[in-house]
Amino acid sequence: MRIGFTYDLKADYLALGFSEHAVAEFDSEKTIDAIAGAIQTHGHDVVRIGHVRALAARLVAGERWDLVFNIAEGVAGFGRESQVPALLEAYGVPYTFSDPLVCALTLHKGMAKHVARGCGVPTPSFTLVTTPAEAAAVTLPLPLFAKPVAEGTSKGVSAKSLATSRAALVEVCTDLLSEYSQPVLVEEFLSGREFTVGILGTGDAAVALATLEVVLLAGADEAVYSYRNKAQWRELVDYKLLLDVGDDASGALRREVEEVALAAWRCLGCRDAGRVDVRLDGSGRAQLIEVNPLAGLTPGHSDLPIMAALKGVDFATLIGEILRCATDRIAAAA
Ligand SMILES: Nc1ncnc2c1ncn2[C@@H]1O[C@H](COP(=O)(O)OP(=O)(O)OP(=O)(O)O)[C@@H](O)[C@H]1O
Ligand SMILES: [Mg+2]
């Protein structure tokens, strides 16, 4: 196949006049090379397209591809991750991963939680705060957790996100509102163990690839998988595959965590591959944190390739599985 590849490369945005800070979260040349290389190992030609504006220009010029491998997250607005899928749908080009509806819904963690909760998926009670006065008026029980409603990579998540007093909640919300210019999601704090579940497939065919426990080490920000912990994971975090051994010999914990993750994945309509974050509450029950339909794919750094490697699935095989899930789904819908 001739596979187009859409992504947000730092250098492309610098060329458009973005600042170094603004491009910090975009993909590096190394990640793009690794994914393109992995696609090629499956016998495909890769056409590097880049960001949504580059895609728009090439579509308008009449270029088409058999499939687009899309990891572009966009720049601004709740629809930023939906822009590439929407444009491809407008031109009838099939693509990997989730559709515009799912990408926008999951980017807005509050909306995603409304839908997940409506489907019966357990997730902490929450509210959205748009002013410091609203933060002061929150009546949910302490301790509470505050984070920007539509960011990733733990942007805006720090030790301060965990608020144990009303005053601390107002303080962290005030800071987040001014720094991120978007509502703050305030929800009940989940005090238990944290897991991230890698998922392959769509609907009933979706399966858990693996479940990783995120174990924070000495020196890490306590109790949260914060921006700092994520960025310095080599020193601060241990990722353990949750296997049916040790304290989970019966596999009951893994089953419960994966059931919550798969229920969220299916009810929100996610496709092909991604990750769902889950934490245990104070009574040890699994609860949904958030769903990632465009999970990071940096080899040796992002959770999905890390868990695949721990399961003995190398990077090229993981990318091959994602392509297989997408082409099977597209063939079934034809
Ligand atoms: N309600 C909560 N209770 C306890 N911890 C939470 C809660 N919500 C978020 N966290 C902590 O904050 C971290 C980041 O939150 P979340 O997964 O929503 O952010 P993200 O930036 O979208 O993550 P990703 O990098 O996976 O896209 C979680 O991994 C978890 O450690
Ligand atoms: Mg997360």
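From a predicted model like this one, the values you see are computed outputs, not experimental measurements. (Residues numbered from 1 in each chain as written. Chains lettered and ligands numbered in written order. Predicted model: local features only at pLDDT ≥ 70, side-chain atom pairs only at ≥ 80, totals over all residues. Heavy atoms only, no water.)

A. Examining the sheet that holds strand β9 (residues 207-216) more closely. One open sheet accounts for five strands, arranged β10-β9-β8-β11-β12; its pairing is antiparallel. Unpaired on one side and paired on the other, β10 (237-241) and β12 (286-292) mark the two borders of the sheet. Strand after strand, the sheet turns through a mean of 30° between neighbouring axes, direction not considered. (Pairing = 2+ DSSP bridges. Helix = DSSP H or I, 4+ residues; strand = E, 2+ residues; numbered from the N terminus. Axes fitted to C-alpha atoms, helices over the stretch in contact; angles between N-to-C directions.)

B. The site of ligand 1, seen in detail. Near ligand 1, the surroundings consist of 23 residues, among which Lys109, Lys147, Ser154, Glu194 and Lys230 are the closest. With respect to ligand 1, the side chain of Asn292 contributes an N or O atom lying 3.0 Å from an oxygen atom. Bound to the protein, ligand 1 loses 96% of the 620 Å² it would expose on its own. Those elements giving two or more residues to the shell around ligand 1 turn out to be β5 (144-148), β7 (184-188), β11 (273-280) and β12. The class makeup of the residues in the shell around ligand 1 is seven nonpolar, four polar and 12 charged. Composition of the shell around ligand 1 by domain shows at least three residues from each of domain 2 (125-188) and domain 3 (194-333). (Near = heavy atom within 4 Å. Polar contact = N/O pair within 3.5 Å; in protein donor to acceptor, adjacent residues only side chain to side chain. Areas by Shrake-Rupley, 256 points an atom, 1.4 Å probe, with all protein chains shown as cover. Nonpolar A, V, L, I, M, F, W, Y, C, P; charged D, E, K, R; others polar. Domains from an automatic or database assignment.)

C. Up close: empty space enclosed by the protein. One pass over the full model with this rule turns up two cavities of 30 Å³ or more. Approximately 40 Å³ is the volume found for the largest cavity. Along the walls of the largest cavity sit Thr106, Lys109, Ala112, Lys113, Leu268, Leu288, Ile289, Glu290 and Val291, which together make up its complete lining. It is β12 that provides the largest number of residues to the lining of the largest cavity, a total of four residues. Partitioned by chemical class, the residues of the lining of the largest cavity number five nonpolar, one polar and three charged. In this structure, the second largest cavity spans a volume of roughly 30 Å³. Lining the second largest cavity, in full, are Asp8, Val52, Ala72, Glu73, Gly74, Arg80, Gln83 and Val84. Here the lining of the second largest cavity is built from residues that sort into three nonpolar, two polar and three charged. (1 Å grid on protein atoms, 1.4 Å probe; cavity = no way out; pocket = protein on both sides within 12 Å on 5 of 7 lines; lining within 4 Å. Points joined across faces, edges and corners; volume = space filled by probe spheres on them.)

D. How the structure looks around the coordination of the magnesium ion (ligand 2). Within the protein, the atoms that donate to the magnesium ion (ligand 2) are Asp277 (OD) and Glu290 (OE), at distances of 2.0 Å. With Asp277 in strand β11 and Glu290 in strand β12, the pair connects residues that are 13 residues apart, well separated along the chain. On the basis of relative accessible area, Asp277 is assigned to the buried category, the value being 7%. Given a relative accessible area of 13%, Glu290 falls into the buried group. (Donors = N, O, S within 2.8 Å, 3.2 Å for Na, K, Ca; no water. Buried < 20%, exposed > 50% of the residue type's maximum accessible area, 1.4 Å probe, protein only.)

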